[in-house]
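The lines below spell out each chain.
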Amino acid sequence: MSRLADTFARLKKEGRAAFVPFITAGDPDMETSFAILSKLPEAGADVIELGMPFSDPMADGPAVQASSMRALKAGASMVKVLEMVKKFRKVNSTTPVVLMGYYNPIHAYGTARFAHDVAGAGVDGLIVVDLPVEEDEVLRVPARAQGVDVIRFVTPTTDDARLKRVLDGAGGYLYYVSVAGVTGTKSGPEDAVRAAIARVRAATDLPCTVGFGIRTPHQAAAIAAMADGVVVGSAIVSKIADNLGKPRAAIIAEVLELTRALAGSTHAARHARVNA
Amino acid sequence: MNTIPNSFRTGPDAGGHFGAYGGRFVAETLMPLVLALEQAYEAAKKDPAFHAELTDLLTHYAGRESPLYFAERLTAHLGGAKIYLKREDLNHTGAHKINNTLGQILLARRMGKTRIIAETGAGSHGVATATVAARFGLPCTIYMGEVDMERQKPNVFRMRLLGAEVRGVSSGARTLKDATNEALRDWVANVEDTFYIIGSVVGPHPYPAMVRDFQTVIGNETRAQMLEREGRLPDLVTACVGGGSNAIGMFHPFVDDVAVEIHGVEAAGEGVDSPRHAATLSMGSPGVLHGARSYLLQDSDGQVIEAHSISAGLDYPGVGPEHSWLKDMGRVKYHSVTDREALDAFVMLSKLEGIIPALESAHAVAHVIKIAPQMRPDQIIAICLSGRGDKDVFSVAHALGEKL
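One structure accompanies this document, and this report is about it.

Definitions and cut-offs
Counting of residues starts from 1 at the beginning of each chain's written sequence and follows it residue by residue. Just so you know, chain letters begin at A and ligand numbers begin at 1, following the order they were written in. Thresholds applied to this predicted model are a pLDDT of at least 70 for local features of residues and 80 or more for the giving and counting of side-chain atom pairs; totals over whole chains, interfaces and linings are not thresholded and use all residues. Side-chain measures were taken over the full set of non-hydrogen atoms in the model, leaving aside hydrogen atoms and water. Every helix listed is a DSSP run of H or I at least four residues long, and every strand listed is a run of E at least two residues long, numbered separately from the N terminus. As a reference, a globule follows 2.2 Å times the number of residues to the power 0.38, and the radius of gyration itself is taken over C-alpha atoms. Using a 1.4 Å probe on the protein chains alone, a residue whose accessible area is under 20% of its type maximum counts as buried, one over 50% counts as exposed, and one in between counts as partly exposed. Residues count as neighbours in contact if any of their non-hydrogen atoms are within 4.5 Å of one another. Accessibility throughout is a Shrake-Rupley quantity obtained with a 1.4 Å probe, and a residue counts as covered only by protein chains that appear here. Lining residues are defined by having an atom within 4 Å of a point belonging to a cavity or pocket. Those points lie on a 1 Å grid over the protein atoms alone, cavities being sets where a 1.4 Å probe fits but cannot get out and pockets being open sets with protein on both sides within 12 Å along at least five of seven lines. Grid points are joined across faces, edges and corners, and a volume is the space filled by probe spheres set on the points. Residues are grouped as follows: Ala, Val, Leu, Ile, Met, Phe, Trp, Tyr, Cys and Pro are nonpolar; Asp, Glu, Lys and Arg are charged; all remaining types, including Gly, are polar. For every element, the axis is a line fit to its C-alpha atoms; helices are fit only across the contacting stretch, and the angle between N-to-C directions ranges from 0 to 180 degrees. Roughly parallel means an angle under 35 degrees; roughly antiparallel, over 145; roughly perpendicular, 65 to 115; everything else is oblique. When the near helix sits turned anticlockwise from the far one by under a right angle, the crossing is termed left-handed; a clockwise turn instead gives a right-handed crossing. Two strands qualify as a pair provided DSSP detects at least 2 bridges between them. When the strands point away from the viewer, a crossover counts as right-handed if the route from the first strand across the helix to the second turns clockwise. By nonpolar core is meant a set of buried Ala, Val, Leu, Ile, Met, Phe, Trp, Tyr and Cys residues that side-chain atoms within 4.5 Å join together. Disulfides are defined as cysteine sulfur pairs within 2.5 Å. Buried surface area refers to the total accessible area, computed with a probe of radius 1.4 Å, that the two partners give up upon joining, counted for both partners together. Whenever a carboxyl oxygen of Asp or Glu lies within 4 Å of a side-chain nitrogen of Lys or Arg, that contact is scored as a salt bridge.

1. Thoughts on the overall build of chain A
Here is step 1 of the chain: Looking only at helices and strands, one finds twelve helices and nine strands in chain A.
Here is step 2 of the chain: The C-alpha atoms of chain A give a radius of gyration of 17 Å, which matches the 19 Å a tight globule of 276 residues would have.
Here is step 3 of the chain: Along the first, second and third principal axes, the C-alpha atoms of chain A reach 45 × 40 × 35 Å.
Here is step 4 of the chain: The buried share of chain A, taken over its 276 residues, is 61%.
Here is step 5 of the chain: Within chain A, residue pairs in contact and separated by at least 24 positions form 72% of the contacts whose partners lie at least 6 positions apart.
Here is step 6 of the chain: Carbon and sulfur atoms provide 54% of the accessible area of chain A, an area that totals close to 10000 Å².

What follows is the structure in structure tokens.
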């Protein structure tokens, strides 16, 4: 089984949800970013979403936008993102790493070469924000051939017919976007998220993680009680922004402290299947 | 892939592709909206009532048809081909943009949307959007880069006067690309009630085809007017290309006329050899931005490079996907002119014809200034004069070192 499937199967057995932190590779610089990445598992990360910085992150709110700009300014590139994963795999062979970003840098890299190189680096999944079902075959097919899952989104605008289409060819897990909007603003109303997860569960066995707007341990616990995973991005990269200028060790410590708090409450929340 | 088709007018395909370009590269949250828009537009296209209402507005509100004017003194001055100007500058709001915003707001109403958003560069599209929003009593928010707000102050005031909220965008180079990012962010957060009126032939399908369809009134009129005036088609049709909506509107009715040469004119800014230009088709490479695959100014890592042009309306690192296809097919030739050449053309047309062109349109005029003298007096050029230059007088005065 793949690292992703292994992880979600193990967590299901343990009756808890995955904690999935997001950081942008290279934010605020390559070295600090790698230090954070390598310590995320011991702070409670079950799956890591690693952002590939892009100049025009149009689905992201101010926090992730700023994070992306910091990384680019620090010299992050696609090659450096992959090197970072390779280096991570030397110290961690079990925690799944999912690269998240926009299509153009992948397009520029070449989809076939990209699929090959991410697999070689030890990447487990890809989330490409602006590559919907209609367009993702060009990446999904070569990635799948390399054993890398392309993770798809379900959103508040996804109706039943669309859900069927999204599930056809979906791999790894599903990313439920809790609210129609950009990252880091508000989270969706709990009832709506619960109903959406129930609808997804009725249609697939793929794990369903929830992201967008989850900032506090309290919110993470509420989502963890319903979903198979909790994604937190903006709150974590904001922690980096808030501590810029401090010594590297302090930035790392702040980020890991927040991660531990979020992971702790995610793991403590009993994970009751909605449709069980 | 590069087989020449029987017609250049059949695209896009069902997925919104012009050859390898176009498509629908948007976040999943927006996909159902984009698909709903496509359905609504297909239905509207087949509805005579939609066309009747649009034609009525174009005639009585926008002031169409616009004249095809023989630029006698410019022709004599350049001493070559006869030059005609398609006077889109005489439309209500002063540019071709109103052709598109009228079409889209009718569609918004058909879809029951109650709020309008748009991006704008020079402000022409913002004004044209604020205008139709006022006309139909819908609240309207316009996203505009802070740099563009500074260099297009009169248009910012116009939009506010028309009742629109103008939101300054402070990310990136604070120009059109960044305003587009912000408009997309607004759209994804307001999916229930909001219609996004895109200002050019860019964005996810169906926008490039839909905006083109609304703008082909330019070329259709030009064709008929030219046949009436000269009894034949022009030898050369030309227009400036930023996103490319006035250009595709002008070109599309001529693309199957093999004897008609077609030139798109991009902004070379400070020169295509400098890092400061907006010549996407001339200097860029295929990439994906704002919903479509098309030529793009980008670095080797796929990061988008900021464009530069003295003209805020051409200051965009992307271009409409149909232009990318027409370029690859060789049907349209794309040239570029510098800020300096556009300024000279701006002044020349003002002095010789009493017509102050938009800086965008001045790029097309500048191209003609270069090539008309090499053509014979019995040859004919039709330029799309996409807008008027009132909005640009401050920035032109500044560039010419004059204080107002």
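We are not done yet, so read on.
2. Observations concerning the layout of surface pockets
Residues and elements named next belong to chain B.
Here is step 1 of the chain: By volume, the largest pocket amounts to about 290 Å³.
Here is step 2 of the chain: As for the largest pocket, its lining consists of Glu150, Arg151, Gln152, Lys153, Pro154, His308, Ile310, Phe394, Ser395, His398 and Ala399.
Here is step 3 of the chain: Contributing elements (two or more residues each) for the lining of the largest pocket: helix H6 (146–151), helix H7 (153–161) and helix H15 (393–399).
Here is step 4 of the chain: In terms of residue count, the dominant contributor to the lining of the largest pocket is H15 (four residues).
Here is step 5 of the chain: Its residues assigned to classes, the lining of the largest pocket comprises four nonpolar, four polar and three charged.

3. Regarding the packing of helix H10 (residues 217–224) of chain A against helix H12 (residues 248–268) of chain A
Residue and element names in this part refer to chain A.
Here is step 1 of the chain: The N-to-C vectors of H10 and H12 enclose an angle of 30°; their axes lie 8 Å apart at closest approach. On the basis of their axis angle, the class for H10 and H12 is roughly parallel. Between H10 and H12 the crossing geometry is right-handed. Seen from H10, the contacting residues are Pro217, Ala220, Ala221 and Ala224; seen from H12, they are Ala261, Leu262, Ser265 and Thr266.

4. Here's the deal with the side chain of Asn91(B)
Here is step 1 of the chain: Assignment of secondary structure puts Asn91(B) in the loop between strand E4 (82–87) and helix H4 (97–110).
Here is step 2 of the chain: The contacts of Asn91(B), once residues within four sequence positions are left out, are Ala62(B), Arg64(B), Ser66(B), His96(B), Ile98(B) and Asn99(B).

5. What about the pairing of strand E6 (residues 140–145) of chain B?
Residue and element names in this part refer to chain B.
Here is step 1 of the chain: Of all six residues that make up E6, six are buried, and the element is covered over most of its length.
Here is step 2 of the chain: Of the two faces of E6, the one holding Cys140, Ile142 and Met144 and the one holding Thr141, Tyr143 and Gly145 are both buried throughout.
Here is step 3 of the chain: Note: strand E5 (residues 115–120) against E6, five bridges, orientation parallel. Looking across to E6, one finds that Glu119 is bridged to Tyr143.
Here is step 4 of the chain: For the crossover from E5 across helix H5 (residues 124–135) to E6, the handedness is right-handed.
Here is step 5 of the chain: As paired strands, E6 and strand E7 (residues 165–169) are joined by five bridges and run parallel to one another. If you follow Tyr143 over to E7, its bridge partner there is Arg167.

6. As for unusual backbone geometry
Here is step 1 of the chain: Between Asp27(A) and the following residue, Pro28(A), the backbone shows a cis peptide bond with an omega angle of 0°.
Here is step 2 of the chain: In this fold, Pro28(A) is placed in the loop between strand E1 (18–24) and helix H2 (30–39).
Here is step 3 of the chain: Here Gly11(B) and Pro12(B) are connected by a cis peptide whose omega angle stands at 0°.
Here is step 4 of the chain: In this fold, Pro12(B) is placed in the segment before strand E1 (17–18).
Here is step 5 of the chain: One non-glycine residue with positive phi stands out, namely Thr93(B), at about 75°.
Here is step 6 of the chain: You can see Thr93(B) is positioned in the loop between E4 and H4.
Here is step 7 of the chain: The residue His290(B) is not glycine, and still its phi comes out positive at about 55°.
Here is step 8 of the chain: Tracing the backbone through its elements, the reader meets His290(B) in the loop between strand E11 (285–289) and strand E12 (291–296).
Here is step 9 of the chain: Given the relative accessible area of 4%, His290(B) is considered buried.

7. Thoughts on the nonpolar core
One recurring pattern in soluble globular proteins: nonpolar side chains tend to sit buried together.
Here is step 1 of the chain: Counting residues in each nonpolar core, the largest one holds 86 residues, and the members touching the most others are Tyr175(A), Leu107(B) and Trp187(B).
Here is step 2 of the chain: The biggest single contributor to this core is helix H1 (residues 31–45) of chain B, with seven residues.
Here is step 3 of the chain: Excluding residues that lie within four positions of it along the chain, Trp187(B) makes contacts with Leu30(B), Leu33(B), Val34(B), Ile117(B), Thr194(B), Tyr196(B) and Tyr207(B).
Here is step 4 of the chain: Judged by nonpolar contacts, the second largest core, of 72 residues, contains Tyr103(A), Ala121(A), Val123(A) and Val154(A).

8. Regarding the sheet that holds strand E9 (residues 236–240) of chain B
All names here are of chain B.
Here is step 1 of the chain: Within the open sheet, the six strands sit side by side as E3-E4-E14-E9-E10-E13. Their pairing is mixed. Edge positions in the sheet fall to strand E3 (68–70) and strand E13 (333–338), since each of these pairs with one other strand and no more. Along the sheet, successive strands turn relative to each other by an average axial angle of 30°, direction set aside.
Here is step 2 of the chain: Bridge count between E9 and strand E14 (residues 380–385): three bridges; the pairing is parallel. Pairing of Thr238 across the sheet is with Ile383, part of E14.
Here is step 3 of the chain: Helix H9 (residues 207–230) contacts E3, E4 and E14 of the sheet and is inclined by roughly 140° relative to E4.

9. Observations regarding empty space enclosed by the protein
Here is step 1 of the chain: According to the stated counting rule, one finds nine cavities of 30 Å³ or more in the structure shown.
Here is step 2 of the chain: Taken together, 32 residues form the lining of the largest cavity, with His96(B), Lys97(B), Leu176(B), Gly199(B) and Gly313(B) sitting closest to its centre.
Here is step 3 of the chain: For the lining of the largest cavity, the secondary structure elements donating two or more residues are E5, H5, helix H8 (176–189), helix H10 (245–251) and helix H14 (359–371) of chain B.
Here is step 4 of the chain: For the lining of the largest cavity, the residue count by class is ten nonpolar, 18 polar and four charged.
Here is step 5 of the chain: There is about 240 Å³ of room inside the second largest cavity.
Here is step 6 of the chain: Mapped onto the lining of the second largest cavity, the elements with two or more residues apiece are E1, strand E2 (48–51), helix H3 (62–73), strand E3 (97–101), strand E9 (229–232) and helix H11 (234–242) of chain A.

10. Quick notes on the sheet that holds strand E6 (residues 152–154) of chain A
All names here are of chain A.
Here is step 1 of the chain: What the nine strands build is an open sheet, ordered E5-E4-E3-E2-E1-E9-E8-E7-E6; its pairing is parallel. Two strands close off the open sheet at either side, each with one partner strand: strand E5 (149–150) and E6.
Here is step 2 of the chain: Sheet topology places strand E8 (residues 208–211) next to E9; two bridges connect them, and they run parallel. Within E9, the position partnered with Val210 by the bridge is Val230.
Here is step 3 of the chain: Sitting on the sheet, H2 touches E1 and E2, and the angle it makes with E1 is about 175°.

11. Side note on the state of the cysteines
Here is step 1 of the chain: Taken as a whole and judged by the stated rule, the model has zero disulfides over all chains.
Here is step 2 of the chain: Unpaired in this structure, Cys384(B) has its nearest cysteine sulfur neighbour in Cys240(B), at a distance of 7.2 Å.

12. Observations concerning the environment of Ala261(A)
Residues and elements named next belong to chain A.
Here is step 1 of the chain: Relative to the helices and strands, Ala261 is located in helix H12.
Here is step 2 of the chain: Owing to a relative accessible area of 36%, Ala261 belongs among the partly exposed residues under this scheme.
Here is step 3 of the chain: Each C-alpha atom, one on Ala261 and one on Ala45, is 11 Å from the other, the two residues being 216 residues apart in sequence.

13. Considering the interface of chain B and chain A
Here is step 1 of the chain: On the side of chain A, 34 residues touch chain B, which itself brings 33 residues to the contact.
Here is step 2 of the chain: At the boundary of chain B with chain A, total buried surface from both sides reaches about 2600 Å², with 53% on carbon and sulfur atoms.
Here is step 3 of the chain: Between the two partners, chain B and chain A, sit two salt bridges.
Here is step 4 of the chain: In this structure, the salt-bridge partner of Glu28(B) is Arg162(A), at a minimum N-O distance of 2.7 Å.

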